[in-house]
Amino acid sequence: MQSDFFDSHNRHLSDARRLYGLQRWANADHLFGLAAECGLKRLMIAFGIKTDNDGTPEGKYKIHINKLWSEYEAVRTGHSQGVRYTLSPTNPFHRWDISDRYGSQSNFDQKRVDQHRLGAEEVDRLIKQARKDGLL
Amino acid sequence: MVTFDDILPRVTTLLRKHREFVDQLDWLVVNRDLNSRVRLIVPAELEAEDANQSLLEALVREVEVEMAPHGYIAADGVLYESTLADACDGACATQIEEFKNVWFADRLATEGDWSAIADEAPGAARIVFFSIKGGVGRSAALAALALTMAQSGMRVLVLDLDLESPGLSTSLLPEDRQPEFGITDWLVEDLVDNGIIIIESMISTSNLSRDGEIFIVPAHGRNPGEYVSKLARVWMPKVNADGSRENWSKRLQRLIANLETKIRPDVILIDSRAGIDEVAASCVTDLGARLVLLFAIDGSQTWGGYRILFDHWGRSGVVTKIRDRLQVVAAMVPELDRLSYIDGLREGAYNLFSEFLYDEVPPGEPASHYCHFETSDEAGPHYPLIVNWHRGFAGVKTLHGRLVEIDDQELRHIFGSLIDGVMEVTRVERSHE
């Protein structure tokens, strides 16, 4: 299946918000992480990183949000169009892990999810900005 | 064929055609993006309203057809935002005049849009030296003014913001007094929270004045170092730990505020970059200037440049915020046919001011109620202060050397009109304190 990171950012974020509203912390947390990852990958592609045939970023960028946040900064500052697409210097997802989806939901609470929710919303603001700027 | 200048009139015509739909919206934003393509931004709740969707689609389909190649395909021609503020965030936004609820959001690749006019800064009066063309004697005039103000007992802070063509500091300081760092260094170091370390080492005092003091902050330090690489980074926005973003012009304002706290000057003289440029935009519109001196040489290049700028202020609806701070300076007035040259320059300036910046007085109304001046009215900002051309300043190797030698009479002969005009403004400012 061909990747569409813009669409997947939007749907993961939309579902994450719904789950958050229902206090389904564990899956909301998972989807906020995926939403942020897809959003940043879409922006990095717009800035000019290479992709494989299926539209996913090439080798070194096949990583999840806990590592991608810092990689994004390196890509952004190397591309003239990325100058204004700044993220907070501290990665809010540094304790998020893709394998958390196998953990018990008793490990998740609102405080933990809020940090990731704010990170995903920050990425969403950049996506919206990119749409208004005509980058996407 | 649609080209850039057709975008706004065409889209206005389309909105007029769909007025019934447009009028019922809380707000609508016409968004012109970095590639000069147009999308509409509408309130998010509209996405779920079936009745309005078909009306919106009809409008967007027409935008696609009528604006090509400056539009988007209809399926991708609408963006949704929760609030008008979100829709306009980061853009130069102006209301489209004939609609109460429609805004035009212009996205620019540069941050300086020349139309966000900051209120006058509290504290010392900030006086900006600007010209459309370089080489008109701006730096020499600034140096002469700084010297005169300091001799009258004032503490004068001079900032060289002509970052892309630096040199003012070498005019005011001998080489052995150049500080170690400059504004460019600070703007780079600030990105890594290192600005505070160098701020003490970027201020030098001039030895020209015996009474007051002239503090000079140059564009770069004694050794410019990797100046080109540093200059290419000064425009960077800074992201603070809390995620808040500060654009480069805001960072510059923070620097000036810090310098002002440290030095406590009576006046701040700012040498701006010439032309319609990013740094110049910041100097003229963002720094809260009390007075912006518009240096001019009578000629089509000068007036053509100022015309573009004045026209932009008119279109952006900011004329009343900027016009009171402007003052034309006739630069390098020649010795031959001096009076007719000044008359010609005044006429050229008046034509522009009256076309774009001055109010028209309706018949029967008193002119005193409006911002309106006659050509010969010395109180009008079009009426130029004079800087005479002088062979003593033409082709001098160092302005500093020239200023050390100059006597008061000669200084007044060349710069007297400018000095008196600016001192008057500064006095008014100081008497308000």
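Numbering of residues begins from 1 in every chain and follows the order in which that chain's sequence is written. Labels are handed out in written order, letters beginning with A for the chains and numbers beginning with 1 for the ligands. Per-residue local features are limited, in this predicted model, to residues with pLDDT of at least 70; the limit for side-chain atom pairs, both in listing and counting, is 80 or more; totals at the level of whole chains, interfaces and linings are taken over all residues. Only hydrogens and water are set aside when side-chain values are computed; all heavy atoms of the structure are taken into account.

Caption draft 1: Structural context of the sheet that holds strand E3 (residues 78-81) of chain B. Residues and elements named next belong to chain B. A sheet is described by the order of its strands in space; here five strands give the open sequence E3-E2-E1-E5-E4, paired in mixed fashion. The sheet terminates laterally at E3 and strand E4 (92-95), the two strands that pair on one side only. Taking each pair of neighbouring strands and ignoring which way they run, the sheet shows an average axis angle of 25°. Here four bridges tie strand E1 (residues 28-32) to strand E2 (residues 38-43), and the two strands are oriented antiparallel to one another. The residue of E2 that forms the bridge with Asn31 is Arg39. Only heavy atoms matter for contacts: two residues are in contact if any of them lie within 4.5 Å across the pair. The axes are straight lines fitted to the C-alpha atoms, using for helices just the contacting stretch, and the angles between their N-to-C directions are given from 0 to 180°. Secondary structure follows DSSP: runs of H or I at least 4 residues long count as helices, runs of E at least 2 residues long count as strands, and numbering of each begins at the N terminus. Along the sheet, helix H3 (residues 50-67) makes contact with E2 and E3, crossing E2 at roughly 165°. Pairing between two strands is assigned when DSSP locates at least 2 bridges connecting them.

Caption draft 2: Focus on the environment of B:Gly112. Residues and elements named next belong to chain B. Its location among the elements puts Gly112 in the loop between strand E5 (102-106) and strand E6 (125-131). Taking the relative accessible area as the measure of exposure, Gly112 reaches 18% and is therefore buried. Taking the C-alpha atoms as reference points, Gly112 and Ser249, 137 residues apart in sequence, are found 8.3 Å from one another. Excluding residues within four positions of it along the chain, Gly112 makes contact with Glu278 and Ala281. Each residue's exposure class comes from its accessible area (1.4 Å probe, protein chains only) as a fraction of the maximum for that residue type: buried when under 20%, exposed when over 50%, partly exposed otherwise.

Caption draft 3: Structural view of the packing of helix H2 (residues 25-47) of chain A against helix H4 (residues 110-133) of chain A. Residues and elements named next belong to chain A. Running from N to C, H2 and H4 point in directions that differ by 25°, and their axes come no closer than 9 Å. One element, H2, and the other, H4, form an angle in the roughly parallel class. Where H2 crosses over H4, the two elements pack in a sense that is left-handed. Of the residues in H4, those touching H2 at Trp25, Ala28, Asp29, Phe32, Ala36, Gly39, Leu40, Arg42 and Leu43 are Gln110, Arg112, Val113, His116, Arg117, Ala120, Val123, Leu126, Ile127 and Ala130. Each residue receives one of three labels: charged for Asp, Glu, Lys and Arg, nonpolar for Ala, Val, Leu, Ile, Met, Phe, Trp, Tyr, Cys and Pro, and polar for the others, Gly being one of them. When the residues that make up the contact of H2 with H4 are grouped by side-chain class, the tally is twelve nonpolar, three polar and four charged. What sets the label is the angle itself: under 35 degrees gives roughly parallel, over 145 gives roughly antiparallel, 65 to 115 gives roughly perpendicular, and the rest give oblique. Note on convention: the crossing is left-handed when the near helix lies turned anticlockwise from the far helix by less than a right angle, right-handed when the turn is clockwise.

Caption draft 4: Region of interest: the side chain of A:Thr86. Tracing the backbone shows A:Thr86 in the loop between helix H3 (65-77) and H4. For A:Thr86, a relative accessible area of 9% puts it in the buried group. Discounting residues that sit within four places of it in the chain, A:Thr86 has contacts with A:Arg76, A:Leu126, B:Pro237, B:Val239 and B:Arg245.

Caption draft 5: Main features of the side chain of B:Thr184. Following the sequence through the fold, B:Thr184 ends up in helix H7 (residues 183-189). Apart from residues no more than four positions distant in its own chain, B:Thr184 is found in contact with B:Leu163, B:Ala219, B:Tyr227, B:Lys230, B:Leu231 and B:Val234.

Caption draft 6: Layout of the sheet that holds strand E14 (residues 326-333) of chain B. All names here are of chain B. What the eight strands build is an open sheet, ordered E8-E9-E7-E12-E6-E13-E14-E15; its pairing is mixed. Strand pairing shows two members of the sheet lacking a second neighbour, strand E8 (204-205) and strand E15 (385-388), which therefore form its edges. Across five bridges, the pairing between E6 and strand E12 (residues 267-271) is parallel. From the neighbouring strand, Phe129 faces E12, where its bridge partner is Asp271. On the sheet, helix H12 (residues 300-315) packs against E6, strand E13 (291-296) and E14 and is oriented at approximately 145° with respect to E13.

Caption draft 7: Examining the confidence of the model for chain A more closely. When pLDDT is averaged across chain A, the result is 93; 100% of the residues are at 70 or more. Every residue gets a pLDDT, meaning the predictor's confidence in that residue, from 0 to 100. The least confident element of chain A, judged by mean pLDDT, is H3(A) at 91; the most confident is helix H1 (residues 5-21) of chain A at 98.

Caption draft 8: Structural context of the pattern of salt bridges. Every case where a carboxyl oxygen of Asp or Glu lies within 4 Å of a side-chain nitrogen of Lys or Arg is listed as a salt bridge. The final tally for this structure, using the stated rule, is 38 salt bridges over all chains. Notably, a salt bridge pairs A:Asp7 with A:Arg11, separated by 3.5 Å at the nearest N-O pair. Of the two residues, A:Asp7 and A:Arg11 both sit in helix H1, four residues apart, roughly one turn of that helix. Among the residues examined, A:Arg11 registers a relative accessible area of 45% and is labelled partly exposed. The residue B:Asp119 makes a salt bridge to B:Lys321 at a minimum N-O spacing of 3.0 Å. Within this pair, whereas B:Asp119 is found in the loop between E5 and E6, its partner B:Lys321 is found in helix H13 (residues 319-322), the two being separated by 202 residues in sequence.

Caption draft 9: Molecular detail of the pairing of E13(B). All names here are of chain B. The element E13 is extensively covered by neighbouring structure, given that six of its six residues are classed as buried. Two elements, E6 and E13, share five bridges in a ladder whose sense is parallel. Counterpart to Ile127 in the pairing with E13 is Leu291. Summarising the sheet, E13 and E14 pair through five bridges and their orientation is parallel. By the bridge assignment for E14, Phe295 is matched with Val329.

Caption draft 10: Structural detail: the packing of aromatic side chains. The aromatic pairing rule takes the rings of Phe, Tyr and Trp, using the six-membered ring of Trp, and pairs them if the centres are within 6.5 Å, calling planes under 30 degrees apart stacked, those over 60 edge-to-face and the rest tilted. All chains considered together, the criterion is met by 16 aromatic pairs over all chains. For the ring pair A:Phe47 and A:Tyr72, a centre distance of 6.0 Å and an interplane angle of 45° mean the geometry is tilted. Linking A:Phe47 in helix H2 with A:Tyr72 in helix H3, this pair joins segments that are 25 residues apart in sequence. Of the two residues examined, A:Phe47 and A:Tyr72, each falls in the buried class. Residues B:Trp235 and B:Trp248 carry aromatic rings whose centres are separated by 5.0 Å and whose planes lie at 90° to one another, so their mutual orientation is edge-to-face. You can see B:Trp235 sitting in the loop between helix H9 (227-231) and strand E10 (238-239) and its partner B:Trp248 sitting in helix H10 (residues 248-263), a full 13 residues away along the chain. Counting every residue linked through ring pairs, the aromatic cluster contains B:Trp114, B:Phe130, B:Trp303, B:Tyr306, B:Phe310, B:Trp313, B:Tyr350, B:Phe353, B:Tyr358 and B:Phe373. Seen from the ring of B:Phe99, B:Arg19 lies directly overhead, with NZ or CZ sitting 4.3 Å from the centre. It is B:Arg39 that lies over the ring of B:Tyr72; its NZ or CZ is 3.8 Å from the centre. Criterion for a charge above a ring: Lys NZ or Arg CZ within 6 Å of the ring centre, and within 35 degrees of the ring normal.

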